[in-house]
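# Survey of secondary and tertiary structure
Listed below are the residues making up each chain.
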Amino acid sequence: MFRTIAVRQVSLSRALATHAAVNAVPTSGTPTIRHDWRKEEIQRIYETPLMELVFRAASAHRLHQDPSKIQLCTLMNIKTGGCTEDCSYCSQSSRYSTPTKASRLVDLEPVLEAARKAKENGSTRFCMGAAWRDLAGRKRGFERILEMVRQVRGMGMEVCTTLGMLSPEQARQLKEAGLTAYNHNLDTSREFYPKVITTRSYDDRLGTISAVRDAGISVCSGGILGLGESDSDRIGLIYEVSNMPEHPESFPVNALVPIEGTPLEKNDRVAHHTLLRTIATARITMPQTIIRLAAGRQTLSEAEQAMCFMAGANAVFTGEQMLTTPCSPWDEDKAMMSRWGLEGMRSFEQSGVAMKEGPRLEAVPDSPKSESTAAQAA
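Computed from a prediction, not measured in an experiment: that's the story for all the values here.

## What to know about the overall build of the chain
Per the secondary structure count, the chain includes 13 helices and 10 strands. The burial tally for the chain puts 56% of its 378 residues in the buried class. A total of about 16,900 Å² of accessible surface is found on the chain, and carbon and sulfur atoms cover 52% of it.

Rendered as structure tokens:
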């Protein structure tokens, strides 16, 4: 009366459309980290239908990261304005008449006070920015910054600086002082870069990044969207960083905040889908990198931010101020994260950062390695 019917097993795993994405999100075995991306591959990923692209990025994110964790970073401007560079987006350039007023390097105590406040509010990385082309002729100022790094690091926080171009020796001294990461953005593609900045070459930037990496400091390098660039330039930026010998530990994605007096003051706001495509493509090509929603985040709705987190963003700047633009305050960010089931990362939780810290990490309270050491001793 009844016949037995053989049913063929069908795999329900979702195949990805491009060769690049298959390697980035494998269905079995050890996930592959690539440093040989071709622009054509990155373009195919970037141009994937948006919802499919976000799905693929979310899959890659979950293979390599804890999707419930967001790194909270606070940024302090320790030396404002008076910069000799001509970055067309920046109000700190001395070449433009902007509301930003030049000031000298701040003293040590205000920095430590700001770092303590950031830590009390849940931030685990404290970043310090100085509006300089480089550190030439700034020996006393650099010594003060090295002390800032030592003392903030002594609080158990990750420490990042952005001070312009560095020599290998300056990078070495920052590493010895305890610097966790150094920010030096590429900003955009190699091809579009000369339309944005003429006083520093693309290779100058890559040279500083090499010096930082060679010193054993984590590299923080990303870009700015809304400079007037095309999709091909955003693809070109990701091509540059994803083919570095070591992917940046963090990739900040900034949405231009047009500032009165700069050449880009009348640029349009970046479309959310452009931001989303950039984040998702970066997540697929650099699955172990922290992707940071940086400048311009305060213009996004909570739902738009949630989509960015879904696509692989897992760090934000939070607190009272960015360098010269507004920032989302701690209380608002913590409430938003609570609504979405997100929590803050601990200091040195990211595996690449922990590896570079080495034995020094055992002395950091509440760090993953110090807890492991304490458990073994018990």
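## Let's talk about the packing of aromatic side chains
Taken as a whole, this structure holds one aromatic pair when the rule is applied. Judged by centre distance (5.2 Å) and plane angle (75°), the ring pair of Tyr193 and Tyr202 falls under edge-to-face. The two residues Tyr193 and Tyr202 agree in class, both being buried. The positively charged end of Arg34 is found above the aromatic ring belonging to Trp37, 4.1 Å away from the centroid.

## Side note on the nonpolar core
Judged by nonpolar contacts, the single largest core of 84 residues is most densely connected at Ile78, Tyr89, Phe126, Leu174, Phe251, Ile279 and Leu293. Beyond its immediate stretch of four places on either side in the chain, Phe126 contacts Thr74, Met76, Val111, Ala114, Ala115, Ala118, Val152, Met157, Glu158, Val159 and Cys160. Of all hydrophobic cores here, the second largest spans eight residues; its members include Cys73, Leu75, Cys160 and Cys327.

## Focus on the packing of helix H4 (residues 108-120) against helix H5 (residues 139-154)
Between H4 and H5, whose axes approach to 10 Å, the crossing angle comes to 30°. On the basis of the axis angle, H4 is roughly parallel to H5. Seen from above, H4 lies across H5 with right-handed handedness. Touching Leu108, Val111, Leu112 and Ala115 of H4 are Glu147, Met148, Gln151 and Val152, all from H5. Residues that form the contact of H4 with H5 fall into these classes: six nonpolar, one polar and one charged.

## Here's the deal with H4
The end-to-end C-alpha separation of H4 is 19 Å, in line with the 18 Å expected for 13 residues at 1.5 Å each. Of all the residues in H4, the buried ones are Val111, Leu112, Ala115 and Ala118. Projected onto a plane normal to the axis of H4, the buried residues spread over an arc of 120° and lie on a single side. H4 presents Glu113 and Glu120 as exposed residues on the side facing more than 90 degrees away from its buried surface. Packed against the buried residues of H4 are strand S1 (69-79), strand S2 (125-130), H5 and helix H11 (330-339). Positive backbone phi, at 100°, marks Gly122, one or two positions downstream of H4.

## Here's the deal with helix H2 (residues 39-46)
Within H2, the full set of buried residues consists of Glu41, Ile42, Ile45 and Tyr46. When H2 is viewed along its axis, its buried side chains cluster within an angular range of 135° and face the same direction.

## Thoughts on the side chain of Lys69
Structurally, Lys69 is set in strand S1. Residue classification places Lys69 among the buried residues on the basis of a relative accessible area of 13%. In this structure the side chain of Lys69 is engaged in a polar contact, spanning 2.7 Å, whose partner is the side chain of Glu349. In contact with Lys69, other than residues within four places in its own chain, are Asn314, Glu343, Gly344, Met345 and Glu349.

## Quick word on the pattern of salt bridges
Pairing is possible between side chains that carry opposite charge, provided their charged atoms lie close to one another. This model, assessed by the stated rule, comprises 27 salt bridges. A salt bridge links Arg116 to Glu109, with the nearest nitrogen and oxygen atoms 2.6 Å apart. Take Glu109: its relative accessible area is 44%, and that puts it in the partly exposed class. In this structure, Glu349 engages Arg346 in a salt bridge whose closest nitrogen and oxygen atoms are separated by 3.9 Å. By relative accessible area, Glu349 is classed as partly exposed at 25%. Connected through salt bridges with shared partners, the residues Arg34, Asp36, Arg38 and Glu41 form a single ionic network.

## Quick notes on the side chain of Asn185
On the secondary structure map, Asn185 appears in the loop between strand S4 (181-183) and helix H7 (202-214). Polar side-chain contacts of Asn185 include one of 3.0 Å to the side chain of Asn183. Look past the residues within four positions of Asn185 in its chain and what remains in contact with it is Arg205, Cys220, Ser221, Gly222, Gly223, Pro252 and Asn254.

## Structural notes on unusual backbone geometry
Phi is positive for Asp187, close to 75°, though the residue is something other than glycine. Structurally, Asp187 can be placed in the loop between S4 and H7. Given a relative accessible area of 2%, Asp187 falls into the buried group. The backbone of Phe348 shows a phi angle near 60°, a positive value even though the residue is not glycine. The topology assignment puts Phe348 in the loop between strand S10 (343-344) and helix H12 (351-357).

## Overview of the environment of Arg292
Position of Arg292 among the secondary structure elements: in strand S8 (residues 290-293). Here the alpha-carbon distance between Arg292 and Phe309, two residues 17 residues apart in the chain, equals 9.7 Å. If we skip the residues at most four places from it in the chain, Arg292 touches Gln71, Cys73, Arg125, Cys220, Ser250, Phe251, Pro252, Val253, Ala315, Val316 and Phe317. Side chain to side chain, Arg292 and Gln71 meet in a polar contact 2.5 Å long.

Scoring rules and cut-offs
Residues numbered from 1 in each chain as written. Predicted model: local features only at pLDDT ≥ 70, side-chain atom pairs only at ≥ 80, totals over all residues. Heavy atoms only, no water. Helix = DSSP H or I, 4+ residues; strand = E, 2+ residues; numbered from the N terminus. Buried < 20%, exposed > 50% of the residue type's maximum accessible area, 1.4 Å probe, protein only. Areas by Shrake-Rupley, 256 points an atom, 1.4 Å probe, with all protein chains shown as cover. Phe/Tyr/Trp six-rings, centres within 6.5 Å; stacked < 30°, edge-to-face > 60°. Lys NZ or Arg CZ within 6 Å of the ring centre and 35° of its normal. Core = buried A, V, L, I, M, F, W, Y, C linked by side-chain atoms within 4.5 Å. Contact = heavy atoms within 4.5 Å. Axes fitted to C-alpha atoms, helices over the stretch in contact; angles between N-to-C directions. Parallel < 35°, antiparallel > 145°, perpendicular 65-115°, else oblique. Left-handed = near helix turned anticlockwise from the far one by under 90°. Nonpolar A, V, L, I, M, F, W, Y, C, P; charged D, E, K, R; others polar. Expected span 1.5 Å × (residues − 1). Arc of directions from axis to C-beta. Polar contact = N/O pair within 3.5 Å; in protein donor to acceptor, adjacent residues only side chain to side chain. Salt bridge = Lys/Arg side-chain N within 4 Å of Asp/Glu carboxyl O.

Function cannot be inferred from these measures alone, as they are strictly geometric.
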